[in-house]
Amino acid sequence: MMNLLLKRGVMALLVIVAAAHSAFAEVRINIRGGRAEPLPIAISDFMSKGDLGPQISAVIAADLRRSGLFAPIDKAAFIEKISNPDQQPRFDDWKAINAQALVTGRVTQEGDGRLRAEFRLWDTFGATQMTGQQFFTQPENWRRVAHIIADAIYKQITGEDGYFDTRVVFVSESGPKNARKRQLAIMDQDGFNVRTLTNANDIVLTPRFSPSKQEITYMSFENNQPRVYLLQLETGQREMVGNFPGMTFSPRFSPDGQRVIMSLQQEGNANIYTMDLRSRTTTRLTSTAAIDTSPSYSPDGSRIVFESDRGGKQQLYVMGADGSGQTRISFGDGAYSTPVWSPRGDLIAFTKQSGGKFSIGVMKPDGSGERILTTGFHNEGPTWAPNGRVLMFFREAAGAGGPQLYSIDLTGYNEQVIKTPAYASDPAWSPLME
Amino acid sequence: MSRFTSTAPSRMQTLARNPVMVALVLTLSLAGCKSKSGLPNNANELGLNGANGAGAATPGSPQDFTVNVGDRIFFDTDSSAIRADASQTLDRQAQWLAQYPNYAITVEGHADERGTREYNLALGARRASAAKNYLVSRGVPANRLQTISYGKEKPVAVCDDISCWSQNRRAVTVLGGAGM
């Protein structure tokens, strides 16, 4: 019996994965032309006492909708009213409204006060359950559980890791442009649960997540000493990175989280250094009479992409992790900056200035295949979702307003604003939470 | 019969621990540390300018420097070259600073908003360094001079055209306090 179930489960999975792959093929085709139809999915209200079940379902639906790959079906169209999420649904009722997949679930409270959230994902046309999982958490983490379930659905249907159970650290900006206040802030990837991490006394810029710890590196003008800092999210402990004689800026972690790479300004030149966070030793990687900055490691840690104006304008360069073999990779019109290596390793995202416009684009690590995803008055500072399929960046209009955060699919479609309580810039996406 | 698969224990532990982390983060945001707030550093912020304030300031005072000498120079787009008009201002600054030798000086470098953040930090530093080097070449002792770059983070003019951006591409010589 177990074997049979297992086999059926695997078979259902294969059927849906094949369907999802063909959906992706359409997305890829539509990079050059039209737009892919998102997969219709029915997300029924989770059973619960009170509103929590429907609230969890709404967060799951919002995550999937925002991904651009799913089209959650309006609940008013549902024919079957799910009363027992463990029971096989009436598949014909769901096929009749063209739901390719159905999510059912339940939230209950355990004796110790924890929430227990269970869900099942059904393949309606294959008439099988694709997966079923349960999670336990404190009640205040209910949104996180919804994101975890959305990730499980995304992974089951696309075959790729999701990115919903993630957070974004950014700079929250308030006040007029010529007297702007800036605070580090963190939020869930969907813009909820915003919390500030620093006060507004000092300019803070370019926060970046550690790939391995609950830690952020950023730049602060504390005490009029512009330097790179580390901030432990769990303890609030802060420390300056290294003891450099001038401004340090543009920090990022190495993929193993053990080093910070950054620029050191000396007179008119900026060069790239790393500091090993265990031994505290620093290593200089570039030595030019130029501005070398915005370093970003490849996910395997073997290479570094950065920007330099050594040839005149800002262009992108790639070098070995030891600084060897510095090679220019960008050759298009305009200036290229803020390169960020994709977590999948296949692409580098960047900001491009050309013809008075600021664009976000991607290119392969050898500089080929440049593709602009969005262009306008000012778009800057891309960051990758941990699955390498979605980018976030900030956009600013001309004049007295302030920046806002946007996300866009790697295909250049599905641009979405991330609403924040104040102006927001310099987003950095966390890894998937563990 | 259960067809549920169980989740990884590590994730459940993290979920359980999460409220503690949130609480600590909130504590941090409330218990921030204090540092020097920004002081007015130029004629506009002080409500002074050459048109209506000239000559009113006490000779040798910061107001005298700002109003009668000129505390700032401007740069071309993406350039740190000292322009002819800027060198005249810096010459006056060097003269004044020689006359009032007790002031320590900070040269602040700035960029306009039409660049990316990290590059503009470096460009502002390059401009501050260029202004500093010019002042040193005119006899101001290097040990009186510090530099700092604010990149594009502290514009004085807010608008969306070229005339405005040109006011923000600047190096401002700030008197860091007498007798320092």
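What you see is a predicted model; the values in this text were computed from it and never measured.

Undergrad: Teacher, can you tell me more about the confidence of the model for chain B here?
TA: All names here are of chain B. Across chain B, pLDDT averages 76, with 67% of residues at or above 70. Across residues 1–53, where pLDDT falls below 50, the model places 89 contacts with residues more than four positions away in sequence or in other chains. Both scores are available for the predicted complex, with the pTM at 0.85 and the ipTM at 0.89.

Undergrad: What is the right way to read the pairing of strand β5 (residues 128–137) of chain A from this model?
TA: In summary, the side chains of a regular strand alternate between the two faces of the sheet. Residue and element names in this part refer to chain A. In terms of residue burial, β5 counts as a mostly covered element, since 10 of its 10 residues are buried. Bridge count between strand β4 (residues 115–123) and β5: nine bridges; the pairing is antiparallel. Counterpart to Phe119 in the pairing with β5 is Gln133. Count of turn residues in the β4/β5 antiparallel hairpin: four residues, of which Ala127 carries a positive phi of about 55°.

Undergrad: In this structure, what is going on with unusual backbone geometry? I would like to understand it.
TA: Glycine aside, the phi torsion of most residues is negative, and most peptide linkages are trans. All names here are of chain A. Of note, the phi angle at Asn224 is positive, near 55°, even though the residue is not glycine. Along the polypeptide, Asn224 turns up in the loop between β10 (215–220) and β11 (227–232). A positive phi angle is found at Thr338, which is not glycine, with a value near 45°. With respect to the helices, strands and loops of the structure, Thr338 is situated in strand β21 (residues 335–341). We classify Thr338 as buried; its relative accessible area is 6%.

Undergrad: Would you take a moment to explain the sheet that holds strand β3 (residues 101–109) of chain A for this structure?
TA: Hydrogen bonds between backbone groups are what pair the strands of a sheet, and the pairing can be parallel or antiparallel. All names here are of chain A. Strand order in this open sheet of five strands is β2-β1-β3-β4-β5, and the pairing throughout is mixed. Taken across any chain shown, the strands that pair with only one partner, and hence form the sheet edges, are β2 (70–72) and β5. With direction set aside, neighbouring strand axes in the sheet form an average angle of 25°. Where β3 lies against β4, nine bridges are found, and the strand directions are antiparallel. Bridging from a neighbouring strand, Gln109 pairs with Leu115 of β4. Along the sheet face, helix α2 (residues 52–66) touches β1 (39–43), β2, β3 and β4 and points at about 170° away from the line of β1. Each of β1, β2, β3, β4 and β5 touches helix α4 (residues 142–158); the most contacted strand, β4, lies at about 20° to it.

Undergrad: What exactly am I supposed to notice about the packing of aromatic side chains here?
TA: How two aromatic rings sit relative to each other is given by the distance of their centres and the angle of their planes. Residue and element names in this part refer to chain A. Enumeration over the complete set of coordinates arrives at 17 aromatic pairs over all chains. Taken together, a centroid distance of 4.9 Å and an interplanar angle of 70° make the contact between Phe78 and Trp94 edge-to-face. Taken together, the residues Phe78 in the loop between β2 and α3 (91–96) and Trp94 in helix α3 connect sequence positions 16 residues apart. Comparing Phe78 with Trp94, the two get one shared label, buried. With centroids separated by 4.6 Å and ring planes inclined at 40°, the aromatic side chains of Tyr163 and Phe164 adopt a geometry described as tilted. A connected cluster of aromatic rings, assembled from ring pairs, spans Phe70, Tyr154, Tyr163, Phe164 and Trp429. Stacked on the ring of Phe192, the Lys or Arg Arg143 has its end atom at 3.5 Å from the ring centre.

Undergrad: Honestly, the pairing of β21(A) in this entry has me stumped. Any pointers?
TA: Residue and element names in this part refer to chain A. Burial analysis of β21 places seven of its seven residues in the buried class, the great majority of the element. Taken together, the five bridges between β21 and strand β22 (residues 348–354) define a ladder with antiparallel strand orientation. By the bridge assignment, Trp341 is partnered in β22 with Ile348. Hairpin connection of β21 to β22: six residues between the antiparallel strands, including Gly345 at a positive phi of 85°.

Undergrad: Can you help me understand the interface of chain A and chain B in this one?
TA: The figure often quoted for interface size is the accessible area lost as the parts come together. Contacts between the two partners involve 78 residues from chain A and, on the opposite side, 52 residues from chain B. A combined buried area of about 5700 Å² lies between chain A and chain B, and 56% of that area is made up of carbon and sulfur atoms. Along the contact surface separating chain A from chain B lie seven salt bridges. A salt bridge links B:Glu113 to A:Lys177, with the nearest nitrogen and oxygen atoms 3.2 Å apart. Counting across the interface, chain A meets chain B through 17 residue pairs in polar contact (both at pLDDT 80 or more). Residue composition of the side of chain A that touches chain B, grouped by class: 25 nonpolar, 31 polar and 22 charged.

Undergrad: I keep staring at the sheet that holds strand β17 (residues 292–297) of chain A and nothing clicks. Help me out?
TA: All names here are of chain A. Ordered in space as β17-β18-β19-β20, the four strands form an open sheet in which the pairing is antiparallel. Of all strands in the sheet, those bounded by a partner on one side alone are β17 and β20 (327–328). Taken together, the two bridges between strand β19 (residues 315–320) and β20 define a ladder with antiparallel strand orientation. Paired with Tyr317 across the bridge in β20 is Arg328.

Undergrad: Sorry if this is basic, but what is going on with the packing of helix α4 (residues 62–70) of chain B against helix α5 (residues 84–99) of chain B here?
TA: Angle between the axes and distance between the axes: these two values describe a pair of packed helices. Residue and element names in this part refer to chain B. For the pair α4 and α5, the least separation of the axes is 10 Å and the interaxial angle reads 145°. Once α4 is placed against α5, the crossing between them reads as right-handed. Along its contact with α4, which presents Asp64, Phe65, Asn68, Val69 and Gly70, the element α5 presents Thr89, Arg92, Gln93, Trp96 and Leu97. Split into classes, the residues belonging to the contact of α4 with α5 amount to four nonpolar, four polar and two charged.

Each value, and the rule that gives it
Residues numbered from 1 in each chain as written. Chains lettered and ligands numbered in written order. Predicted model: local features only at pLDDT ≥ 70, side-chain atom pairs only at ≥ 80, totals over all residues. Heavy atoms only, no water. pLDDT = per-residue confidence, 0-100. Contact = heavy atoms within 4.5 Å. Buried < 20%, exposed > 50% of the residue type's maximum accessible area, 1.4 Å probe, protein only. Helix = DSSP H or I, 4+ residues; strand = E, 2+ residues; numbered from the N terminus. Pairing = 2+ DSSP bridges. Axes fitted to C-alpha atoms, helices over the stretch in contact; angles between N-to-C directions. Phe/Tyr/Trp six-rings, centres within 6.5 Å; stacked < 30°, edge-to-face > 60°. Lys NZ or Arg CZ within 6 Å of the ring centre and 35° of its normal. Buried area = accessible area lost by both parts, 1.4 Å probe. Salt bridge = Lys/Arg side-chain N within 4 Å of Asp/Glu carboxyl O. Polar contact = N/O pair within 3.5 Å; in protein donor to acceptor, adjacent residues only side chain to side chain. Nonpolar A, V, L, I, M, F, W, Y, C, P; charged D, E, K, R; others polar. Left-handed = near helix turned anticlockwise from the far one by under 90°.

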